[in-house]
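Given next are the chains, with one letter for each unit.
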Amino acid sequence: LAVGMGAGQALLVLLAACAVTPAKDPLLNICMDAKHHKSKPGPEGMLHDQCAPWKDNACCTANTSSEAHKDQSNLYNFNWNHCGLMPPKCKRHFIQDTCLYECSPNLGPWIDQADSSWRRERILHVPLCKEDCEEWWEDCKDYVTCKENWHKGWNWATGTNRCPWGSMCRPFSHVFPRPKDLCEKIWSNSYKYTTEHRGSGRCIQMWFDPAQGNPNVVVAKYYSWKKRSSPAWMETVTPETNKAVCALPWPVLALLPLALVVLPEGAGGCGSHGWGSL
């Protein structure tokens, strides 16, 4: 009986450890199901120019990163210069925006279903840092465009985007009076303007120094935790994604019946809410 009690206590410790081992978070370190994304993130030997910060763990390939920098990219046949030549200081923000979208593995909490023919998922309401949004607007305010929403409504008759018939090219500052208008409207609410600052851990940065690490990893963890803690998430989550990892070795499993005999009544194992203690 003493041996049994000892085994029971040891198994109790193992089961307690198991109960607090969280499952892999389905919202972290993932790539969306879209046109050019890899199926899962990983290191890339070389990413081109402004996409380079993601090279250690990227959802894009080197070829995608190179195409992201072209005026007439093969990624989507999209032409930045639809109302004349886009100034380099403005274009760099659109390139960085493309790099974030194509390469980042930290957008999981904002991935949403898409109903387009070329992608099954998109991002929605990504909280963009105040500085990233305002610098984007400041550097582009003197450029001209004919559309508020660049996702749809173009004239594609020539195979690339042209301004719709009857539309006028107007300064960015007229089409997008505030930074918030630019960041939220230009890609159908892919981004959300925030007053959070870079380094706060509460907003996604388009621009960062890879030598300091990727600040968006912490941001994704925070918003993933918030999303998983919400009543709506708990109602829709499947048991498979919400359970603790209970991968005990087979000798332990073999002794489990003995533990059930000698453990005090009411002692528990792994439940279906592995992150309840987070």
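I will try to describe carefully the structure that is included in this document. (Residues numbered from 1 in each chain as written. Predicted model: local features only at pLDDT ≥ 70, side-chain atom pairs only at ≥ 80, totals over all residues. Heavy atoms only, no water.)

So, on to the pattern of salt bridges. The tally for this structure, following the rule as stated, stands at 12 salt bridges. A salt bridge links Arg 198 to Glu 135, with the shortest nitrogen-to-oxygen separation between them at 3.1 Å. One end of the pair, Arg 198, is in the loop between β6 (191-193) and α7 (216-229); the other, Glu 135, is in helix α4 (residues 130-140), and 63 residues separate them in sequence. The network of salt bridges with common partners includes Glu 148, Arg 178, Asp 181 and Lys 185. (Salt bridge = Lys/Arg side-chain N within 4 Å of Asp/Glu carboxyl O. Helix = DSSP H or I, 4+ residues; strand = E, 2+ residues; numbered from the N terminus.)

Inspection of α4 places Asp 132, Cys 133, Trp 136, Trp 137, Asp 139 and Cys 140 among the buried residues, and these make up the whole buried set. For α4, the secondary structure elements touched by its buried residues are α3 (88-103), β3 (126-128), α5 (172-175), α6 (179-185) and β6. (Buried < 20%, exposed > 50% of the residue type's maximum accessible area, 1.4 Å probe, protein only. Contact = heavy atoms within 4.5 Å.)

Our focus in this paragraph is the side chain of Thr 145. Turning to its location among the elements, Thr 145 is positioned in strand β4 (residues 144-145). Residue classification places Thr 145 among the buried positions, given a relative accessible area of 0%. At a separation of 2.9 Å, a polar atom in the side chain of Thr 145 contacts the side chain of His 82. (Polar contact = N/O pair within 3.5 Å; in protein donor to acceptor, adjacent residues only side chain to side chain.)

So, about α3. Across its 16 residues, α3 extends 21 Å between first and last C-alpha, which sits within 8% of the 22 Å expected from 1.5 Å per residue. Counting buried residues in α3 gives 13 out of 16 residues, a clear majority hidden from the surface. (Expected span 1.5 Å × (residues − 1).)

Before going further, it helps to examine the packing of aromatic side chains. The tally for this structure, following the rule as stated, stands at 19 aromatic pairs. On the basis of an interplanar angle of 85 degrees and a centroid distance of 5.6 Å, the ring pair of Phe 78 and Trp 154 is categorised as edge-to-face. Taken as a pair, Phe 78 in the loop between α2 (62-67) and α3 and Trp 154 in the loop between β4 and β5 (170-171) lie far apart in primary sequence, 76 residues in all. For the pair Phe 78 and Trp 154, a shared accessibility class is recorded, and that class is buried. Grouped by ring-pair contacts, the aromatic residues Phe 78, Trp 80, Phe 94, Trp 136, Tyr 143, Trp 150, Trp 154, Phe 172, Phe 176, Trp 187 and Tyr 191 constitute a single cluster. The ring of Trp 154 carries Lys 147 above its face, with NZ or CZ at 5.6 Å from the centroid. Sitting over the face of the ring of Tyr 222, Arg 202 holds its NZ or CZ atom 3.6 Å from the ring centroid. (Phe/Tyr/Trp six-rings, centres within 6.5 Å; stacked < 30°, edge-to-face > 60°. Lys NZ or Arg CZ within 6 Å of the ring centre and 35° of its normal.)

Geometric values such as these leave the question of function open.
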